[in-house]
Amino acid sequence: MKSEDYYSASNVISSNTMDFYATNPGPVDESVLYDQDKHVSAAVWEGQERGALRCHEHTSKLDRWMLTEKQIELVKKAGFGYLRLIPAISLDNPLISALVERWRRETNTFHMTVGEMTVTLEDVAYLLGLPIDGEPVIGVTYTACDALCVKYLGRVPDSGYASGGMVKLSWLKETFSQCPENASIKDVECHTRAYLLYIVGSTIFSTTTGNKVPVMYLPLFENFDEAGKYAWGAAALSFLYRALGNASLRSQSTISGCLTLLQCWSYYHLNIGRPKLHHDPIHECFPFVLRWKGKHNGPTSNRDVAFYRKALDSLQPSDVDWCPYANISHTVIPEFILNQLILGRSKTMLICFDKAERHLPDRCLRQFGMHQTIPEEVQRWERKTRGVDGGVDLSGKMESELNEWSYRRFHIVEAEEDLDESEYKQWYLKITRKLVGRPVPISSEFQRMNAALRDIAHLADTFSTHGMDDQQIQSVTRIRYIAHECLRDHARSSTVVVADPQNDVGKRIRGKEKVRRREMGKRRRKDDPEQYYAVNVNVHSRLYPSADDDDHAQLYHVEDDVNDHQRLCITANAGDERELSPMARKVDEEQLCDVTDNVDGDGDVRGGVDELHFNHAAEEDDGKLSRGSDENTLLGSHATADVVPQSTLNSGEEVQRQNDYSVLA
């Protein structure tokens, strides 16, 4: 082979490889990420944006508890002396949401472009100061609160403050936030247990209910010295792993767990969304989460999920700090924490009642200053739930998990010297999800596909059948029919989304991912519902030809439409870098939320495509359907749907050139 032929062939192979990863973001080998279809990244790739997750954590009210010296002493004995110092950090919901899109429950790691990363036991010890070694946090489940509250708190909450084995955090704060100076030892202990229940329910064990905490933790605080023997840090990490795994599913819209831990972990390890410090980080305080206490400089107001997703999709090795604690003086770290840090490299099972999650440091060895090898296959495990029955001792249902935790010090991963990571990188490229967001918006891909279909249809229409036998003529006719059918489907899908009287729902994204309800369309429907739906039916009948028409006539009618410059397409707003969801996409029923019922605690409404859009569609001329402004788009603020003359549309070859883009190799 000549050298020029060799280089030409190499360029073709390289180009084909780039195109392959552009159209298939992975995984190529699905042996590791076997639940890809359920993952939120699959929905994002299909154009189904869910916006920012609702984050449940309540650190902002911890400083309202006025603890006495005796209470602080008991809190320290129980193992929460440093957790009580956790600052009220403003959560960056879009950043957390983008991180969740990279989390994989199959491996309990973030699949980044540079390799796998995760929050380890070492991170928990450094950032929160919680003990990561000790007895597993497990006990008995409860479905009622009264008996436990009387025994451990000395009081019973009113019926409105308790349900299903949970009490409201507000009741704990209102009732126990200030212990009387002359309180008896028993009252001091009750007030301290209430504080401990509040702090775990606000931080490490925060639930998606947003304002409740299970009372099943109370028996663990009966004896404060015994409480200090539990591995609270391991339990906190197990809880966070489970929360991340649940939130990574495409059907979810909320996340719980210790999100301050997650966000500060990101600040330390990734140069994405990291605020500028107002103070000199050389003088560190323990726990290290205090570094980010207070307000910081940094433009975050206009950073949405798409911004952080793009940043993570293009993450470079220089953006990652694998060992951020290496240069921090260990003189500020308590001795009991230093003695437990070895467990950061323990390949074990983390336990928090029914939540048992695998801790797999062998998948992120570079976080411990080691070379990364191809990790062992992850042994699948059953994710159990505590069920609805009360009085169940979970230790009887978690024997294998508890046994694995008991051998935690015998499964410390070790380093391999002088290791070449090239083999790992090749393996990782095959098994990972390389991209979450599309390098090219769906609108552009839609146009490119449409242009290709028109090219095929044109070739089929002008192809000479002279000299062909019947079978060959039938094949050409079939190609022509399929091409025109596809063009007709594309024309239909790119026109309008018609309001469904039974299910007028959807999602809009505004600014920093706040989803708000708009009332104008609803009022119009309420004032005259018959006219509202009649108008929409008329729009539907004009835009969508009857299926009973002659198929052959419809074929050439579509072609005539194309030649008469009446083809409909979707165009993106100039300068919009965010993905655009196709109007014709099939919306997963799990992604739909009722606009009248799904209202969050702040009064924000999650969902609600403005019904005014559909009325507005009926008022447009028959030959033109447009959405020019951000306030009147069918798909939020990301796109417009316009009738574009064919003369302004490029051929398939021109669209291909126009949509050139680079992909991470």
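Definitions and cut-offs
Residues numbered from 1 in each chain as written. Predicted model: local features only at pLDDT ≥ 70, side-chain atom pairs only at ≥ 80, totals over all residues. Heavy atoms only, no water. Helix = DSSP H or I, 4+ residues; strand = E, 2+ residues; numbered from the N terminus. Contact = heavy atoms within 4.5 Å. Areas by Shrake-Rupley, 256 points an atom, 1.4 Å probe, with all protein chains shown as cover. pLDDT = per-residue confidence, 0-100. Phe/Tyr/Trp six-rings, centres within 6.5 Å; stacked < 30°, edge-to-face > 60°. Buried < 20%, exposed > 50% of the residue type's maximum accessible area, 1.4 Å probe, protein only. Lys NZ or Arg CZ within 6 Å of the ring centre and 35° of its normal. Salt bridge = Lys/Arg side-chain N within 4 Å of Asp/Glu carboxyl O. Pairing = 2+ DSSP bridges. Axes fitted to C-alpha atoms, helices over the stretch in contact; angles between N-to-C directions. Parallel < 35°, antiparallel > 145°, perpendicular 65-115°, else oblique. Left-handed = near helix turned anticlockwise from the far one by under 90°. Nonpolar A, V, L, I, M, F, W, Y, C, P; charged D, E, K, R; others polar. Core = buried A, V, L, I, M, F, W, Y, C linked by side-chain atoms within 4.5 Å.

Going by what an unreviewed UniProt entry lists, the chain is known as Aminotransferase-like and is assigned to Abeliophyllum distichum.

Student: Before we move on, could you go through the overall build of the chain and cite the residues and values that matter?
Tutor: Helices and strands together make up the secondary structure of the chain, namely 22 helices and 12 strands. Sequence-distant contacts in the chain: of pairs separated by 6 or more residues, those separated by 24 or more amount to 79%. Working note: accessible area of the chain is about 31400 Å², and carbon and sulfur atoms make up 48% of it.

Student: Explain the confidence of the model for the chain to me, and be specific about the residues and the numbers.
Tutor: Averaged over the chain, the pLDDT score is 76; the fraction of residues at 70 or greater is 67%. Within the model, the stretch residues 1-18 combines pLDDT values under 50 with two contacts to residues more than four positions away or in other chains. Low pLDDT (under 50) marks residues 496-665, which in the prediction has 302 contacts with non-local residues, meaning those over four places away or in another chain.

Student: Could you give an account of the packing of aromatic side chains, naming the residues involved and the relevant values?
Tutor: In the structure shown here, the tally under the stated rule is 26 aromatic pairs. Ring centres of Tyr 82 and Phe 286 lie 5.1 Å apart, and the angle between their planes is 85°; this geometry places the pair in the edge-to-face category. Taken together, the residues Tyr 82 in the loop between helix 3 (69-77) and helix 4 (93-100) and Phe 286 in the loop between helix 11 (259-269) and helix 12 (305-313) connect sequence positions 204 residues apart. Of the residues examined, Tyr 82 reaches a relative accessible area of 27% and is grouped as partly exposed. Look at Phe 286 and you get buried, because its relative accessible area is 8%. An angle of 40° between the planes, with centres 5.8 Å apart, marks the rings of Tyr 424 and Trp 427 as tilted. Of this pair, Tyr 424 and Trp 427 are both found in helix 15 (residues 422-431), three residues apart, which corresponds to roughly one turn of the helix. When its relative accessible area of 3% is taken as the criterion, Tyr 424 is described as buried. An aromatic cluster of at least three residues, connected via ring pairs, comprises Phe 80, Phe 205, Tyr 217, Phe 221, Tyr 230, Trp 232, Phe 239 and Phe 353. Cation over ring: Arg 155 sits above Phe 176, and NZ or CZ is 5.7 Å from the ring centre. If you follow Arg 380 out to its NZ or CZ, it ends over the ring of Tyr 34, 3.5 Å from the centre.

Student: Outline the pattern of salt bridges, listing residues and values.
Tutor: In this structure the tally under the stated criterion is 20 salt bridges. For Glu 46, the salt bridge identified is with Arg 250, shortest N-O distance 2.8 Å. Placement of Glu 46 in the loop between helix 2 (40-45) and strand 1 (54-55) and of Arg 250 in the loop between helix 10 (232-247) and strand 8 (254-255) is noted, with a sequence separation of 204 residues between them. When its relative accessible area of 38% is taken as the criterion, Glu 46 is described as partly exposed. Among the ionic pairs, Arg 345 bridges to Glu 414, the shortest N-O distance being 3.7 Å. Remark: Glu 414 occurs in the loop between helix 14 (399-406) and helix 15 and Arg 345 occurs in the loop between helix 13 (335-340) and strand 9 (348-352); sequence separation between them is 69 residues. Arg 345 sits in the buried class, given a relative accessible area of 17%. By relative accessible area, which is 55% here, Glu 414 ends up exposed. By sharing partners, the salt bridges in this structure join Glu 49, Glu 101 and Arg 309 into a single network.

Student: Tell me what's going on with the sheet that holds strand 5 (residues 162-163), and back it up with residues and numbers.
Tutor: Taken in spatial order, the three strands make up an open sheet running 5-6-7, and their pairing is antiparallel. Two strands close off the open sheet at either side, each with one partner strand: strand 5 and strand 7 (212-214). In terms of strand pairing, strand 6 (residues 166-168) meets strand 7 through three bridges, oriented antiparallel. Note on strand 7: the bridge partner recorded for Val 167 is Val 213. Lying over the sheet, helix 7 (residues 169-176) contacts strand 6 and strand 7, oriented at roughly 60° with respect to strand 6.

Student: Quick one: what's the story with helix 4, residue by residue and with numbers?
Tutor: Among the eight residues of helix 4, seven are classified as buried, and the element is accordingly described as predominantly covered. Residues of helix 4 that are buried include every one of Pro 94, Leu 95, Ile 96, Ser 97, Ala 98, Leu 99 and Val 100, and no others.

Student: Explain the packing of helix 3 against helix 8 (residues 185-202) residue by residue, including any values.
Tutor: Between helix 3 and helix 8, whose axes approach to 10 Å, the crossing angle comes to 55°. Classified by the interaxial angle, the pair formed by helix 3 and helix 8 is oblique. In the packing of helix 3 onto helix 8, the handedness of the crossing is right-handed. Every residue of helix 8 that contacts helix 3 at Lys 70, Gln 71, Leu 74 and Val 75 is listed here: Val 188, Glu 189, His 191, Thr 192, Tyr 195 and Leu 196. Looking at the contact of helix 3 with helix 8, its residues break down into five nonpolar, three polar and two charged.

Student: So what about the nonpolar core? Which residues, and what values?
Tutor: Grouped together as the largest cluster of nonpolar side chains are 117 residues, with contacts concentrated most on Phe 80, Val 167, Leu 172, Ile 204, Tyr 217 and Ile 255. The element contributing the most residues to this core is helix 10, with 11 residues. Setting aside its immediate chain neighbours within four residues, Leu 172 contacts Trp 65, Leu 153, Val 167, Ser 177, Ala 194, Leu 197, Tyr 198 and Val 213. Counting six residues, the second-largest nonpolar core is a separate cluster that includes Leu 33, Tyr 424, Trp 427 and Ile 431.

Student: Provide a residue-level description of the sheet that holds strand 4 (residues 115-117), including the pertinent values.
Tutor: Spatial ordering of the open sheet is given by 2-3-4, a layout of three strands whose pairing is antiparallel. Looking at strand neighbours, the two that pair on one side only are strand 2 (103-104) and strand 4, the edges of this open sheet. Summarising the sheet, strand 2 and strand 3 (residues 109-112) pair through two bridges and their orientation is antiparallel. What sits directly across from Trp 103, in strand 3, is Phe 110. Where helix 15 meets the sheet, it contacts strand 3 and strand 4, and its direction lies at approximately 80° from that of strand 4.

Student: Describe the pairing of strand 10 (residues 355-359), naming the residues involved and giving the relevant values.
Tutor: Among the five residues that make up strand 10, five are buried, leaving the element largely enclosed by the rest of the structure. Neither face of strand 10 is exposed, since Lys 355, Glu 357 and His 359 on one face and Ala 356 and Arg 358 on the opposite face are all buried. Counting the residues between successive antiparallel strands, the hairpin from strand 9 to strand 10 contains two residues, one of them, Phe 353, with a positive phi of roughly 55°.

Student: I'd love a proper account of the pairing of strand 3, names of residues and values included.
Tutor: Side chains of strand 3 alternate between two faces, with Thr 109 and His 111 and Phe 110 and Met 112 buried alike. Taking the residues that link successive antiparallel strands as the turn, the strand 2-strand 3 hairpin has four residues, and the phi of Asn 108 there is positive, at about 55°. Pairing analysis gives three bridges linking strand 3 to strand 4, with the strands arranged antiparallel. Its bridge partner lying in strand 4, His 111 is registered against Glu 116.

Student: Give a detailed account of the packing of helix 4 against helix 11, specifying residues and quantitative values.
Tutor: Here helix 4 crosses helix 11 at 80°, and the two axes come no closer than 11 Å. The orientation of helix 4 with respect to helix 11, classified from their angle, is roughly perpendicular. Listed contacts from helix 11 to Leu 95, Ile 96 and Leu 99 of helix 4 are Leu 259, Leu 262, Gln 263, Ser 266 and Tyr 267. Of the residues assigned to the contact of helix 4 with helix 11, the class counts are six nonpolar, two polar and no charged.

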